[in-house]
Amino acid sequence: MTASSTRKTRASRKPSGHDRPDSKMTAAESKARMEAILNTAVDAIITIDDHGLIESFNPAAEKIFGYSAKKAIGRNVSMLMPAPHRDKHDQYIRNYIKTGIAKIIGIGRETVGRRSDGTVFPIELSVSEVRIGKRLTFTGIIRDISERKRLEKAIVAVSEMERLQIGHDLHDTVGQQLAGLTMLSKAFNKKISEHFDENIPESERILELAQTALTQVKNISHGLYPVELERRGLGAALEQLALQQEELFDANCEYHGDPRTPKLDRSVAVNLYRIAQEAVGNAIKHAGAAVIAIHLHRIGDVLQLRVSDDGRGLPRKIKADRGLGLAIMKYRANMAGTELEIDSEPGKGTSITCGIPLDS
């Protein structure tokens, strides 16, 4: 092949789509493809600027949150959050820009969102940031996990019912039998002392063991079946929990709050009680706490539960059994429609907090 024919062949070859010289067309196609992805995505995709103002709001976001893109764009993204997250969001962005310390960026997590009609629902959120020059943009990908949470809640409810049934059966069967045995032992001891004019050590030991077994069964049944929760509400149940822990362990456990608390959904109240129960148990068994405080207070339109202790705090590497306890508390917080906040330093104790939004 001659040089001239080679030049002719190269000249006659038509440019493909990949080496099309029109860069404006390529940019337009890229933009169209991106818009197609955003418009057909199942998950909500929302971008905001460094002031928290919404810049884009895809159709899935419109469907999930109930706002049109026209109404959402230009407004603060905190409108999609319930209290207390709504009030903290702008400060979080400012802190991140100032310090560079991220709490959720780059980490997927479960939290809650707020629809246009005010209803709160569980979501899975992942946030990333994009820097173009000096401009900072945040992208959030949000998935509505209401159905998944509904199924999980049903499973937890079944498990809780079984737990309550076991506690009820222990109280009404084994507990009653041990109570009867204790009364018989007392009567038997009385007859022996009247007949022999003295007490027999073996008989006294039988009575002591019967009384100890009765106390243990009562404590176990109350832990499985918190009667006060059903009768008088969460505050009274937490107050009773504190008293029981003081009786069982060498620790000062106090309840701070009004025993009469706002009416809660039963499943929410049970989950909050179990969180407090687990936190107190961890403080005593793992942290060696001498002082434990259970707080339940209404702060604005939020009911806040906080359990704090003066124990050893959480180590950097948590043992499997304690790690499971923390995971269960986080799971129960999610079931109650909130998040668990853990503040702990080695040697400085631990504080576990969660807040439940209340109907205004």
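As shown above, the structure is provided for reference.
Residues numbered from 1 in each chain as written. Predicted model: local features only at pLDDT ≥ 70, side-chain atom pairs only at ≥ 80, totals over all residues. Heavy atoms only, no water.

Right, let's get into the packing of helix 9 (residues 234-248) against helix 10 (residues 266-285). At a closest axis distance of 10 Å, the pairing of helix 9 and helix 10 adopts a crossing angle of 20°. As judged from the angle between their axes, helix 9 and helix 10 are roughly parallel. Crossing angle aside, the handedness with which helix 9 passes helix 10 is right-handed. Contacts between helix 9 and helix 10 involve Leu234, Ala237, Leu238, Leu241 and Gln245 from the first element and Ala269, Leu272, Tyr273, Ala276, Gln277, Val280 and Ile284 from the second. (Axes fitted to C-alpha atoms, helices over the stretch in contact; angles between N-to-C directions. Helix = DSSP H or I, 4+ residues; strand = E, 2+ residues; numbered from the N terminus. Parallel < 35°, antiparallel > 145°, perpendicular 65-115°, else oblique. Left-handed = near helix turned anticlockwise from the far one by under 90°. Contact = heavy atoms within 4.5 Å.)

What follows covers the environment of Ala251. Counting through the fold element by element, Ala251 comes out in the loop between helix 9 and strand 6 (252-257). The sequence separation of Ala251 and Ala283 amounts to 32 residues, and the corresponding C-alpha distance is 9.7 Å. Those residues in contact with Ala251, other than ones at most four positions away along the chain, are Glu246, Ile284, Ala289 and Ala290.

A few words on the side chain of Asp309. For Asp309, the position within the fold is in strand 8 (residues 302-309). The class of Asp309 is buried, set by a relative accessible area of 14%. (Buried < 20%, exposed > 50% of the residue type's maximum accessible area, 1.4 Å probe, protein only.)

All right, on to the pattern of salt bridges then. Oppositely charged side chains can form a pair if their charged atoms are brought close together. According to the stated counting rule, one finds 11 salt bridges in the structure shown. The partner of Arg148 in a salt bridge is Glu124, and the shortest N-O contact between them spans 3.4 Å. Of this pair, Arg148 sits in helix 6 (residues 146-196) while Glu124 sits in strand 4 (residues 120-132), placing them 24 residues apart in sequence. The class of Glu124 is partly exposed, set by a relative accessible area of 28%. In this structure, the salt-bridge partner of Arg131 is Glu129, at a minimum N-O distance of 3.3 Å. Classification of Arg131 by relative accessible area gives exposed; the value is 55%. (Salt bridge = Lys/Arg side-chain N within 4 Å of Asp/Glu carboxyl O.)

So, about the packing of aromatic side chains. Aromatic ring pairs are described here by two measures, namely the spacing of the ring centres and the angle between the planes. Counted according to the given criterion, the structure contains two aromatic pairs. Seen from their ring centres, Phe57 and Phe65 are 6.5 Å apart, and the 45° between their planes marks the pair as tilted. Note on Phe65: relative accessible area 2%, which makes it buried. Between the aromatic rings of Phe65 and Phe121, the centroid separation amounts to 5.6 Å while the plane-to-plane angle is 65°, which identifies the pairing as edge-to-face. Of this pair, Phe65 sits in helix 3 (residues 59-65) while Phe121 sits in strand 4, and the two are 56 residues apart along the sequence. Across the pair, Phe121 and Phe65 agree in class, each one buried. By way of ring pairs, the aromatic residues Phe57, Phe65 and Phe121 are connected into one cluster. Residue placement shows Arg115 over the ring face of Phe121; its charged tip is 3.7 Å from the ring centre. (Phe/Tyr/Trp six-rings, centres within 6.5 Å; stacked < 30°, edge-to-face > 60°. Lys NZ or Arg CZ within 6 Å of the ring centre and 35° of its normal.)

Right, let's get into the sheet that holds strand 10 (residues 350-357). With mixed pairing, the five strands of this open sheet are ordered in space as 6-7-8-10-9. Two strands in the sheet have a free side with no partner beyond their single neighbour: strand 6 and strand 9 (341-344). For this sheet, the mean inter-axis angle between neighbouring strands, taken without regard to orientation, is 15°. Pairing geometry for strand 6 and strand 7 (residues 291-299), over six bridges, is parallel. By the bridge assignment for strand 7, Tyr255 is matched with Ile294. Where helix 9 meets the sheet, it contacts strand 6, strand 7 and strand 8, and its direction lies at approximately 165° from that of strand 6. The strands touched by helix 10 within the sheet are strand 6, strand 7, strand 8 and strand 10, with strand 8 carrying the most contacts at an inclination of about 15°. (Pairing = 2+ DSSP bridges.)

The next thing to look at is helix 5 (residues 85-99). Given a rise of 1.5 Å per residue, 15 residues ought to cover 21 Å, and the 20 Å separating the end C-alpha atoms of helix 5 matches this to within 8%. Of all the residues in helix 5, the buried ones are His89, Tyr92, Ile93 and Tyr96. Where helix 5 is buried, its residues touch strand 1 (44-49), strand 4 and strand 5 (135-144). (Expected span 1.5 Å × (residues − 1).)

Think of a sheet as strands paired side by side through backbone hydrogen bonds, with each pair either parallel or antiparallel. Pairing within the open sheet is antiparallel, and its five strands lie in the order 2-1-5-4-3. Edge positions in the open sheet fall to strand 2 (54-57) and strand 3 (109-114), since each of these has one partner strand only. Each neighbouring strand pair of the sheet contributes to a mean axis angle of 35°, computed without reference to strand direction. Pairing of strand 4 with strand 5, which is carried by 10 bridges, proceeds in the antiparallel orientation. Looking at strand 5, one finds that Leu125 is bridged to Ile142.

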